Amino acid sequence: MKKIIYSLIVLFALVSCEKEAEKVKPVWDSTATITIRPAKGVKTRTVVGGLAAIEIVEKATSIHYTSHYVDNKYDASAKTFSRAFNADMKDFEIPALKMLAIDVISAEGDYYRDLTNATDFYIVEVDDPNNRIDTLAFVPDEVISSARPLIEEAFNNQNYDEVYRLFDEAFTFLPIE
């Protein structure tokens, strides 16, 4: 009789451990990045009559965009934001620019609409001594609005592998000609 009771206790313990393991929530990587790469057809190297992708990446100092969302709250008046690119945020192999994924999904794992609901994305070079801004490239509004529902769906399904894939592939820029 003791063996039967002991076996039942062990069985219940194993079943409850399996249920606990199933409840483990996928983990969001707060160090992930968003890749902003040249659109298909954009020349990677030297171009006559416009900047090549590598030149855009080399010269870029920041990205400017407009959004009605500020700290994940809708605001009736749109605001212009800027994110700087340091040397670590430039990938000369692809070539591409990198943004922190926490601009879309916070370190705590909350979805932020500020960036994915924005418009008028411009990659710029700021000439500090003269405070002159030169627009190098742009991310078409359709690119952002097409990626938004896909990112939101993957995020809501806690499919972070898909979110990472979208962050790596969905955002593309075109040079200003």
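As the structure is a computational prediction, the values presented were derived from the model and not from experiment.

The rules behind the values
- Residues numbered from 1 in each chain as written.
- Predicted model: local features only at pLDDT ≥ 70, side-chain atom pairs only at ≥ 80, totals over all residues.
- Heavy atoms only, no water.
- Helix = DSSP H or I, 4+ residues; strand = E, 2+ residues; numbered from the N terminus.
- Buried < 20%, exposed > 50% of the residue type's maximum accessible area, 1.4 Å probe, protein only.
- Polar contact = N/O pair within 3.5 Å; in protein donor to acceptor, adjacent residues only side chain to side chain.
- Contact = heavy atoms within 4.5 Å.
- Pairing = 2+ DSSP bridges.
- Salt bridge = Lys/Arg side-chain N within 4 Å of Asp/Glu carboxyl O.
- Expected span 1.5 Å × (residues − 1).
- Bend = angle between axes of the 7 residues up to and from the residue.
- Phe/Tyr/Trp six-rings, centres within 6.5 Å; stacked < 30°, edge-to-face > 60°.

J.: Tell me about the side chain of Asp103, residues and numbers included.
T.: Positionally, Asp103 belongs in the loop between β5 (96-100) and β6 (119-127). Look at Asp103 and you get buried, because its relative accessible area is 16%. Engagement of the side chain of Asp103 in a polar contact is seen with the side chain of Arg83, the distance being 3.0 Å. Dropping the residues within four chain positions of it, Asp103 is found in contact with Arg83, Tyr112 and Leu115.

J.: Before we move on, can you summarise the pairing of strand β3 (residues 73-84) with the specific residues and values?
T.: Examined bridge by bridge, strand β2 (residues 62-70) and β3 share 8 bridges and lie antiparallel to one another. Within β3, the position partnered with Ser67 by the bridge is Lys79. What sits between β2 and β3 in their antiparallel hairpin is a turn of 2 residues, with Asp71 showing a positive phi close to 50°.

J.: Now, about the pairing of strand β8 (residues 171-175): what can you tell me, with residues and values included?
T.: Extensive coverage of β8 is indicated by the burial of 4 of its 5 residues. Relative to β8, strand β1 (residues 33-38) is paired through 3 bridges, and the arrangement is parallel. Within β8, the residue paired with Pro38 across the bridge is Phe173. Alignment of strand β7 (residues 132-139) against β8, held across 2 bridges, turns out to be antiparallel. Bridging across to β8, Ala137 finds its partner in Pro175.

J.: Requested: an account of the pattern of salt bridges, with residues and values cited.
T.: The tally for this structure, following the rule as stated, stands at 6 salt bridges. For Lys79, the salt bridge goes to Asp75, with nearest N and O atoms at 3.2 Å. In this structure, Arg83 engages Asp103 in a salt bridge whose closest nitrogen and oxygen atoms are separated by 3.0 Å. With Arg83 in strand β3 and Asp103 in the loop between β5 and β6, the pair connects residues that are 20 residues apart, well separated along the chain. Here the residues in one salt-bridge network are Glu162, Arg165 and Glu169, joined through shared partners.

J.: Break down the side chain of Thr35 for me, citing the residues and quoting the values.
T.: Within the secondary structure, Thr35 sits in strand β1. Under the relative-accessibility criterion, Thr35 is labelled buried at 1%. Among the polar contacts made by the side chain of Thr35, one reaches the side chain of Asp168 at a distance of 3.0 Å. In this structure, Thr35 is in contact with Ile94, Ala96, Leu97, Lys98, Phe167, Asp168 and Phe171, ignoring residues within four places of it in sequence.

J.: For helix α3 (residues 141-156), give the residues involved together with the corresponding values.
T.: Compared with the 22 Å implied by 1.5 Å per residue over 16 residues, the 23 Å span of α3 between its first and last C-alpha is a close match. If you look at α3, its biggest bend is around 25°, right at Arg148, and the proline Pro149 turns up within four residues after that. Gln158 sits one or two positions beyond α3 and adopts a positive phi of about 55°.

J.: Go over the environment of Glu93, please, and point to the residues and values.
T.: Here Glu93 shows up in the loop between β4 (90-91) and β5. For Glu93, a relative accessible area of 73% corresponds to the exposed category. Along the chain, Glu93 and Ile54 lie 39 residues apart, while their C-alpha atoms are 8.8 Å from each other.

J.: I'd like a rundown of the packing of aromatic side chains, residues and numbers included.
T.: The tally for this structure, following the rule as stated, stands at 8 aromatic pairs. Residues Tyr111 and Phe155 carry aromatic rings whose centres are separated by 5.6 Å and whose planes lie at 40° to one another, so their mutual orientation is tilted. Of the two residues, Tyr111 is situated in the loop between β5 and β6 and Phe155 in helix α3; the sequence distance between them amounts to 44 residues. You can call Phe155 buried: its relative accessible area is 14%. Grouped by ring-pair contacts, the aromatic residues Trp28, Tyr111, Phe155, Tyr160, Tyr164 and Phe167 constitute a single cluster.

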